[in-house]
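# Geometric and topological summary
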Amino acid sequence: MVLSTAPALTAQGEGPDILGELPGPRMRLLSCRIERRPSAVSRVTVEFGAAGTASDDPISCQREGSACPVGDLRLASLATLDAVTRATSGALKIELIGAKPIRAFDTNVVVVAAYVHHAGEVTKVIGAAVADHDLLLATSRATLAAVNRLASPLLAGAPGTEARNAP
């Protein structure tokens, strides 16, 4: 009999990270909405909370731009990156490379790539999310997936993101 070496999940459905410690606070996507405005302008609004924290204060960011399918995805990704920057109190500077819907393994997927500037280093990150029902929501999730590992350690000191492991 072969036993898995993967760590067991906690009651909250989260497992330890690769070092075997409990994960820190993470940003949790609450909503992603688009509003079509006159003159071919779209406004995308994203709202986040911090998973594993006691705070009820959501972070809401929005971006406006030209209304087109690819432009709407870019707006959703940029609004998500704005929320991450705000949640980390500006410690991360993030440049969006792009957001692209693709078809892979008989599934619609959104892939997001970005450069993250932190502590004098630049890291290229890529995130992906399944996009079966809502392309904008998947774009926001893919963006968050790309940067969450770098942002998570910085959330403990951010306003509204008290660490759950605090005594």
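All of the points below concern the structure found in this document.

## Re unusual backbone geometry
If a residue is not glycine, its phi is most likely negative; likewise, a peptide bond is most likely trans. Look at Ser89: it is not a glycine, yet its phi comes out positive at around 55°. Relative to the helices and strands, Ser89 is located in the loop between helix H1 (69-87) and strand S4 (93-104). With a relative accessible area of 52%, Ser89 lands in the exposed category. With a phi angle near 60°, Asp106 is a residue other than glycine that sits in the positive phi range. You can call Asp106 exposed: its relative accessible area is 69%.

## Overview of the environment of Arg36
With respect to the element layout, Arg36 can be found in strand S1 (residues 26-37). Along the sequence, Arg36 and Ser66 sit 30 residues apart, while their C-alpha atoms lie 9.7 Å from each other. In this structure the side chain of Arg36 is engaged in a polar contact, spanning 2.9 Å, whose partner is the side chain of Ser42. There is a polar contact of 2.4 Å between the side chain of Arg36 and the side chain of Asp72.

## So, the side chain of Thr88
Within the fold, Thr88 resides in the loop between H1 and S4. Discounting chain neighbours no more than four positions away, the residues touching Thr88 are Ala151, Leu154 and Leu155.

What counts, and where the lines are drawn
- Residues numbered from 1 in each chain as written.
- Predicted model: local features only at pLDDT ≥ 70, side-chain atom pairs only at ≥ 80, totals over all residues.
- Heavy atoms only, no water.
- Helix = DSSP H or I, 4+ residues; strand = E, 2+ residues; numbered from the N terminus.
- Buried < 20%, exposed > 50% of the residue type's maximum accessible area, 1.4 Å probe, protein only.
- Polar contact = N/O pair within 3.5 Å; in protein donor to acceptor, adjacent residues only side chain to side chain.
- Contact = heavy atoms within 4.5 Å.

These results come straight from atomic positions and should not be treated as a statement about function.
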